[in-house]
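One-letter residues, chain by chain:
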Amino acid sequence: MKICIIGPSGVGKTTISQQLSCRLNITNHEFDDIYWDLSNEHYIKNSQENMNARIQEILQLDQWIMEGAYDKRLLPFFQESSTILRLKIPYWLCAFRLIKRFLGAKITNKQPVETWANTIELLKFSKNFDHRLDEFFQKHPELSDKVVVVKDYGGCVQNIPQ
């Protein structure tokens, strides 16, 4: 089974993908781990070569869960997946979660450093996410049969092929 979980920052992708990973006994992969070099104090984008290598490595696996916010580099995962779970919740809830995450990271001194500027960028990204994703799926109608819109873990579980 190959599952993609997509949605804006703060929608709950990581939490839900970890829960599904435990339930289905399938390894979960976060696109952030492909996109960012998380070994530094600050977020640094990985090289395209590094990203491509990680993408190919995961695609070779028999089963996986890939979670991430839309990036064109997710297309191979969309194409290979049996199901694309699109998480949609109200923007105000995403914004609340992003601000809560920022404050929690400040209190715990989480690395890489979450800055207020990064959080503002995530808020802007999340605000326009659904519009950009709709445009992407209009350009890729071959994926439409795979996309299921859900709002929580229960909706994900109900829409996974058995």
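Residues numbered from 1 in each chain as written. Predicted model: local features only at pLDDT ≥ 70, side-chain atom pairs only at ≥ 80, totals over all residues. Heavy atoms only, no water.

**What to know about the overall build of the chain**
To keep it simple, the criterion reads: In this description a helix means any DSSP run of H or I spanning at least four residues, a strand means any run of E spanning at least two, and both kinds are numbered starting from the N terminus. Relative accessibility thresholds used throughout: buried, under 20% of the residue-type maximum; exposed, over 50%; partly exposed, between the two (1.4 Å probe, protein chains only). Should any heavy atoms of two residues lie within 4.5 Å, those residues are considered in contact. Reported accessibility uses the Shrake-Rupley method at a 1.4 Å probe radius. Residues are deemed covered only where the shown protein chains occlude them. Positive charge is attributed to Lys and Arg, negative charge to Asp and Glu, and no charge count is given to His or to the chain ends. One atom stands in for each charge, and that atom is NZ of Lys, CZ of Arg, CG of Asp or CD of Glu.
The helix and strand tally for the chain stands at seven helices and seven strands. Referenced to the eigenvectors of the C-alpha coordinate spread, the extents of the chain come out at roughly 40 × 35 × 35 Å. The 162 residues of the chain split such that 43% are buried. The contacts in the chain between residues at least 6 apart in sequence include a share of 74% that link residues at least 24 apart. Accessible area for the chain stands at about 9100 Å²; split by element, carbon and sulfur atoms hold 52% of it. Side-chain charges in the chain split into 20 positive and 19 negative, and the spacing between the mean points of these groups amounts to 6 Å.

**Quick word on the nonpolar core**
Heads up, the condition is: The nonpolar core is taken to be a set of buried Ala, Val, Leu, Ile, Met, Phe, Trp, Tyr and Cys residues, with the residues joined through side-chain atoms within 4.5 Å.
Grouped together as the largest cluster of nonpolar side chains are 22 residues, with contacts concentrated most on Ile-34, Met-66, Phe-77, Phe-78 and Phe-137. Those elements that provide at least two residues to this core are β1 (2–6), α2 (31–35), α3 (48–59), β5 (64–68), α4 (75–80) and α6 (116–139). Setting aside its immediate chain neighbours within four residues, Met-66 contacts Ile-3, Cys-4, Ile-5, His-29, Glu-30, Phe-31, Ile-34, Ile-58, Leu-74 and Phe-77. Membership of the second largest hydrophobic core comes to 16 residues, among which are Ile-3, Val-11, Ile-16 and Leu-20.

**With respect to the packing of aromatic side chains**
Definition in use: Only Phe, Tyr and Trp rings are paired, with Trp represented by its six-membered ring, and only when their centres lie within 6.5 Å; those with planes under 30 degrees apart are stacked, over 60 edge-to-face, the remainder tilted. Our definition puts a charge over a ring when NZ of Lys or CZ of Arg is within 6 Å of the ring centre and also within 35 degrees of the ring normal.
One pass over the full model with this rule turns up eight aromatic pairs. Note on Phe-31 and Tyr-35: the rings are 6.3 Å apart at their centroids and 35° apart in plane angle, and the pair reads as tilted. Taken together, the positions of Phe-31 and Tyr-35, both in helix α2 and four residues apart, correspond to about one turn of that helix. Phe-31 gets classed as buried once you look at its relative accessible area, which sits at 3%. Note on Tyr-35: relative accessible area 19%, which makes it buried. Measuring from ring centre to ring centre gives 5.9 Å for Phe-78 and Phe-137, while their planes differ by 40°; the resulting arrangement is tilted. Of this pair, Phe-78 sits in helix α4 while Phe-137 sits in helix α6, placing them 59 residues apart in sequence. Overall, the relative accessible area of 0% leaves Phe-78 in the buried class. A residue is classified by how much of its surface remains accessible, and Phe-137, at 13% relative accessible area, is buried. Through pairs of rings, three or more aromatic residues link up here, namely Phe-31, Tyr-35 and Trp-36. The cationic tip of Lys-127 hangs over the ring face of Tyr-91; the distance from NZ or CZ to the ring centre is 4.8 Å.

**Quick word on the packing of helix α5 (residues 91–108) against α6**
For any two helices packed against each other, the geometry is given by the interaxial angle and the distance between the axes. To keep things clear, this is the line we draw: Helix axes use the C-alpha atoms of the stretch in contact, all axes being lines fitted to C-alpha atoms, and the angles between their N-to-C directions lie in the range 0 to 180 degrees. Any angle that is under 35 degrees is reported as roughly parallel, and any over 145 degrees as roughly antiparallel; angles of 65 to 115 degrees are reported as roughly perpendicular and all others as oblique. Take the far helix as your reference; a near helix turned counterclockwise from it by less than a right angle gives a left-handed crossing, and one turned clockwise gives a right-handed crossing. Gly is placed with the polar residues, together with every amino acid not listed as nonpolar (Ala, Val, Leu, Ile, Met, Phe, Trp, Tyr, Cys and Pro) or charged (Asp, Glu, Lys and Arg).
Two elements in contact, α5 and α6, have axes whose closest approach is 10 Å; the angle formed by their N-to-C orientations is 165°. Here α5 lies roughly antiparallel to α6, going by the angle between them. The way α5 lies across α6 gives a crossing that is right-handed. Contacts between α5 and α6 involve Tyr-91, Ala-95, Leu-98, Ile-99, Arg-101 and Phe-102 from the first element and Trp-116, Thr-119, Leu-122, Leu-123, Ser-126 and Lys-127 from the second. Considered class by class, the residues forming the contact of α5 with α6 number eight nonpolar, two polar and two charged.

**Side note on a nonpolar patch on the surface**
Our working definition: Residues qualify for a patch when their relative accessible area is over 30% and they have no salt bridge, like charges being joined within 9 Å and the nonpolar side chains of Val, Leu, Ile, Met, Phe, Trp and Tyr within 5 Å. Counted as salt bridges are all cases of a side-chain nitrogen of Lys or Arg within 4 Å of a carboxyl oxygen of Asp or Glu.
Together, Ile-99, Leu-103 and Trp-116 make up an exposed nonpolar region whose accessible area comes to about 280 Å². Position of Trp-116 among the secondary structure elements: in helix α6.

**Regarding the sheet that holds β5**
Just so we agree on the cut-off: Pairing between strands requires that DSSP locate at least two bridges from one strand to the other.
Reading across from one edge, β2-β5-β1-β6-β7 is the order of the five strands in this open sheet, with parallel pairing throughout. Single-partner strands in this sheet number two, and they are β2 (28–30) and β7 (147–150). Going from strand to strand, the sheet's axes swing by 20° on average, the running direction of each strand aside. When β1 meets β5, the two strands line up parallel, connected through five bridges. Note that in β5 the partner of Ile-3 across the bridge is Ile-65. Contacts from helix α1 (residues 13–24) reach β1, β2, β5 and β6 (83–87) within the one sheet, and its direction differs from that of β5 by about 175°.

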